[in-house]
Amino acid sequence: MSFPIRVWNIVFLVGFITYCGIRGVFKRRTEGNEKIVRRLDALEKTLLVTVGVGSLLLPVLYLLTHWLAFADYHLPEFAPWFGVLLMAPALWLFYRSHADLGLNWSVTLELRKGHQVVKQGVYRWIRHPMYASILLWDLAQGLLLQNWLAGWGALATFAVLYIVRTPREEQMMCEFFGEEYRDYMRETGQLCPSLRFKKRT
Ligand code: SAH
């Protein structure tokens, strides 16, 4: 079944509002939790701004103005359906990873007072479920919005953040949690469960 582009834009918008709502709720919950380590250097700031442009500014401009019309294109009919299929697990994993990380969550490289290594819930299987959910979401965005910039800008910018930030984040966790985090790394995969996974007792 084929729908006009604006139907897929509305589907995206509903998911986007849900996505921002989940982030907003957990951001408010962690606000009062003191930070003891903050590694927000120039590289991290640049990555955050770039991801903000790809994930927020470009889709909003695309949905509300005609400024990005020069980058419009047509996806095959099945593509947005795949996008919808990806949205549901992406939103679920985005919610679950925030809930499991609880007060330990930060938008950047930070550690909070009383910070603990979370190894339960979705963190039992993979170390970066939140990043996995964002990559899935960005893929859904690309399959729903029929515009090169608004569709794929999020995936392109977040992929760079993921590649640059993940080793820095893992290094920070190793520095502060030592063997506990190194053991955890051995037992889990980054984005997919590790084949070497052994059941923790
Ligand atoms: N990379 C994780 C978390 C993203 S939020 C994911 O994709 O799910 C980023 C912050 O989470 C980091 O600054 C770090 O303080 C914290 N963090 C990452 N992994 C953690 C873990 N297993 N337990 C506790 N905090 C963690």
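This one's a predicted model, so the numbers in the text were calculated from it and none came from an experiment. (Residues numbered from 1 in each chain as written. Predicted model: local features only at pLDDT ≥ 70, side-chain atom pairs only at ≥ 80, totals over all residues. Heavy atoms only, no water.)

What should I look at first to understand the layout of surface pockets in this one?
Empty space among the atoms can be located by rolling a probe the size of a water molecule over them. Approximately 830 Å³ is the volume attributed to the largest pocket. Lining the largest pocket are 41 residues, with Arg 23, Trp 105, Ser 106, Val 107 and Met 130 sitting closest to its centre. Of all the elements in the fold, those that place two or more residues in the lining of the largest pocket are helix H1 (5-30), helix H2 (42-64), helix H3 (78-101), strand E2 (110-112), helix H4 (129-144), helix H5 (148-177) and helix H6 (179-187). When the residues that make up the lining of the largest pocket are grouped by side-chain class, the tally is 26 nonpolar, eight polar and seven charged. (1 Å grid on protein atoms, 1.4 Å probe; cavity = no way out; pocket = protein on both sides within 12 Å on 5 of 7 lines; lining within 4 Å. Points joined across faces, edges and corners; volume = space filled by probe spheres on them. Helix = DSSP H or I, 4+ residues; strand = E, 2+ residues; numbered from the N terminus. Nonpolar A, V, L, I, M, F, W, Y, C, P; charged D, E, K, R; others polar.)

So what exactly am I meant to see when it comes to the site of the ligand here?
Within the structure, the ligand sits among 22 residues, and Glu 110, Val 118, Tyr 123, His 128 and Glu 169 are positioned closest to it. Between Pro 129 and the ligand, the recorded distance is 3.4 Å, taken from a backbone N or O atom to an oxygen atom. Within the complex, 100% of the 540 Å² of free accessible area of the ligand lies under protein. A molecule is said to occupy a pocket when more than half its atoms come within 2 Å of that pocket's grid points, and by this definition the ligand occupies the largest pocket. Elements supplying a minimum of two residues to the shell around the ligand: E2, H4 and H5. Class assignment of the residues belonging to the shell around the ligand gives a composition of 13 nonpolar, six polar and three charged. (Near = heavy atom within 4 Å. Polar contact = N/O pair within 3.5 Å; in protein donor to acceptor, adjacent residues only side chain to side chain. Areas by Shrake-Rupley, 256 points an atom, 1.4 Å probe, with all protein chains shown as cover. Sits in = over half its atoms within 2 Å of the grid points.)

Just checking my understanding: could you explain the packing of H1 against H4 for this structure?
Two quantities define a packed helix pair, namely the angle between the axes and the distance from one axis to the other. Running from N to C, H1 and H4 cross one another at 160°; their axes reach a closest spacing of 10 Å. Comparing their axes, H4 and H1 come out roughly antiparallel. Like other packed secondary-structure pairs, H1 and H4 cross with a definite hand, here left-handed. Across from Trp 8, Asn 9, Val 11, Phe 12, Gly 15, Phe 16, Tyr 19 and Arg 23 in H1, the residues of H4 making contact are Met 130, Ile 134, Trp 137, Gln 141 and Leu 144. When grouped by side-chain class, the residues that make up the contact of H1 with H4 number nine nonpolar, three polar and one charged. (Axes fitted to C-alpha atoms, helices over the stretch in contact; angles between N-to-C directions. Parallel < 35°, antiparallel > 145°, perpendicular 65-115°, else oblique. Left-handed = near helix turned anticlockwise from the far one by under 90°. Contact = heavy atoms within 4.5 Å.)

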